[in-house]
Amino acid sequence: MESKIEKKDFIDDEKIWDELNNAINPDPKEIRNILKKSENKVRLEPCETAKLLQVEDKDLLEEMFSLAKKIKEDVYGKRIVFFAPLYVGNKCQNNCLYCGFRKGNESIVRKTLTMDELREEVRIMEKAGHKRSILVYGESKDYDADFIAKTIKVVYDTKLCKGEIRRVNINAAPLDIEGYKKLCEVGIGTYQIFQETYHHETYSKVHPKGDRKGDYKWRLYGLDRAMKAGIDDVGIGALFGLYDWKFEVMGLLYHTIHLEEKFGGVGPHTISFPRIEEAIDTPFSQNPKYKVSDEDFKKLVTVIRLSVPYTGMILTARESPEVRNEVLPLGISQIDAGSRIGVGGYKEFEKGYIPEKEQFQLGDMRSLDEIIKDICKAGYIPSFCTAGYRSARTGKKFMGLAKPGLVHNFCMPNSILTFKEYLLDYASEETKKAGEKAIETHFENLPKERKKVVREKLELIEKGKRDVYV
Ligand code: SAM
Ligand code: SF4
């Protein structure tokens, strides 16, 4: 039996607009006081975030960008966690106006991977060096909790001599509590659901009535049910371009606060902020009324970083390499790379974009190796770490540890160790050079007492041991 859902939900559209309107032309002194709070890594209140969203002054904006960079480095260091999506099936019973996979789109070739095909996709990803994946599904009765659980298990069980997916996350339609429990049993990482838009009226406009997805509240409370079922890490998101971007940032903050209040201080593990990309035969996706400019995108990422200093932020390959490079320093902790989003897309990797198979067009089609090389040259260190959830550093425990101590004691060492594996097993010569240099630099920055253990473990990896972490 499903638990009762509250009558009134926690998104009050009018209140959000009042907060935004009352924040126009914010006093610089007040903004600087809010920034002090962010600097102390305290989650902001909606009226404070509203003020940051209304900053137009160039100097103040520059201060916000610098602080977002500083917070990112204090909390996450220079590491960037890598993952790749794996589309399992694109059948869909919904008609979300913006999506290439919507039921009414006859240009899309419908396909669900067989378990053998799934294994094949996984092996290709593993050969490229991926260790973390997010499985993605349309909404269909074929993709129920049992099916999703089966696919998670297949992914974990598909291993190469040098290669395995160690963390499987999910992006799928909301389930009931019983369904989520089945995913817990097979070791799910994060369950991600994007509300798409928090604005009630817009939500109804873009999700036709009668569709399963037309039920705003079922979706809004989807992650409450996941957490009640025992899934520790959940991810929220909004699809930018459906409605006013400032409103959506407020919605993401209210969602964060709701989860924190309900689950003993544990908010979302990650926040995503995809922008609408063009999809085949999908007019809505071509020029959305609320399209977010690159300048505003930079600002929205910054305000999210300043508002929720400890929450992971995901920047996907929807964005072009140029935008990714510019936005990365402003607070991003995870990116996907070498991604393909067609069902069976890794098997056809070299073909690049295949419109009739893909949900939308990606902006960054570089290979994992290429992106890794570029990231290292820009001063970052890639991480394939999955130790956190395998050592139970999730949920409450993660939040308790998510202070600089976590970065220096666990995340940075594990980043170095998992990246070393990548360099030895998968990297091209050029990437190896850039990567070894990155390891050297970041090793030097480790606390003295951590260096010894990391050095010992690096030696083990060089001797052939794998999956080594602290
Ligand atoms: N079908 C499930 C659902 O809707 O919850 C799983 C997610 S869907 C395959 C993944 C996400 O892609 C959606 O939640 C949406 O935010 C995003 N998306 C849909 N159409 C898009 C487009 N044209 N451009 C960029 N992102 C899009
Ligand atoms: Fe289906 Fe999800 Fe696309 Fe909507 S966003 S049409 S539910 S795949």
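Residues numbered from 1 in each chain as written. Chains lettered and ligands numbered in written order. Predicted model: local features only at pLDDT ≥ 70, side-chain atom pairs only at ≥ 80, totals over all residues. Heavy atoms only, no water.

Using the following cut-off: UniProt positions are given in the numbering used here, feature names are shortened, and annotations may be inferred rather than shown by experiment.
Labelled according to an unreviewed UniProt entry, the chain appears under the name [FeFe] hydrogenase H-cluster radical SAM maturase HydG, originating from Clostridium oceanicum. The record held by UniProt for the chain lists under Cofactor (unreviewed entry) the comment "[4Fe-4S] cluster".

1. Points about the site of ligand 2
Which entries qualify depends on this criterion: Only heavy atoms are used to decide nearness, and a residue is near a molecule or strand if one of them lies within 4 Å of it. Gly falls in the polar group here, along with every residue not listed as nonpolar (Ala, Val, Leu, Ile, Met, Phe, Trp, Tyr, Cys, Pro) or charged (Asp, Glu, Lys, Arg).
Surrounding ligand 2, one finds C92, N94, C96, C99, F101, R102, G138, K213 and Q359. Tallied by class, the residues present in the shell around ligand 2 amount to four nonpolar, three polar and two charged.

2. What to know about the site of ligand 1
For clarity, the threshold we go by: Whenever two N or O atoms come within 3.5 Å, that pair is a polar contact, provided that in protein one can donate a hydrogen and the other can accept it, and provided that, for residues adjacent in sequence, both atoms are side-chain atoms. Here the Shrake-Rupley method, with its probe set to 1.4 Å, supplies the accessible areas, and only the displayed protein chains count as covering residues.
Every one of the 20 residues lining ligand 1 counts as a neighbour, but Y98, E196, K213, R219 and E277 are closest to it. The contact in question runs from a nitrogen atom of ligand 1 to an N or O atom on the backbone of Y98, over 2.9 Å. Within the backbone of E277, a nitrogen or oxygen atom sits 2.8 Å from a nitrogen atom of ligand 1. In the complex, the protein chains occlude 96% of the 560 Å² of accessible area that ligand 1 would expose alone. Residue composition of the shell around ligand 1, grouped by class: 10 nonpolar, three polar and seven charged.

3. What to know about the environment of I24
Selection criterion: Helix numbers and strand numbers start at the N terminus; a helix is a DSSP run of H or I with at least 4 residues, a strand a run of E with at least 2. Relative accessibility decides the category of a residue: with a 1.4 Å probe and only protein chains considered, values under 20% of the type maximum give buried, values over 50% give exposed, and everything between is partly exposed.
On the secondary structure map, I24 appears in the loop between α1 (13-22) and α2 (28-39). The exposure class assigned to I24 is partly exposed, which follows from its relative accessible area of 48%. When the C-alpha positions of I24 and F10 are compared, they lie 24 Å apart, and in sequence the two are 14 residues distant.

4. Some details on the packing of aromatic side chains
Threshold: For Phe, Tyr and Trp, rings pair up if their centres lie within 6.5 Å, where Trp contributes its six-membered ring, and each pair is then called stacked (planes under 30 degrees apart), edge-to-face (over 60) or tilted (otherwise). Sitting over a ring, as applied to charges here, requires NZ of Lys or CZ of Arg to be within 6 Å of the ring centre and within 35 degrees of the ring normal.
Throughout the structure, instances matching the rule amount to 16 aromatic pairs. When the centroid spacing of 5.2 Å and the interplanar angle of 80° are considered together, the rings of Y243 and F247 count as edge-to-face. In this structure an aromatic cluster arises from ring pairing among F82, F384, F419, Y422 and Y426. We note R225 situated over the ring of W218; from NZ or CZ to the ring centre the distance is 3.4 Å.

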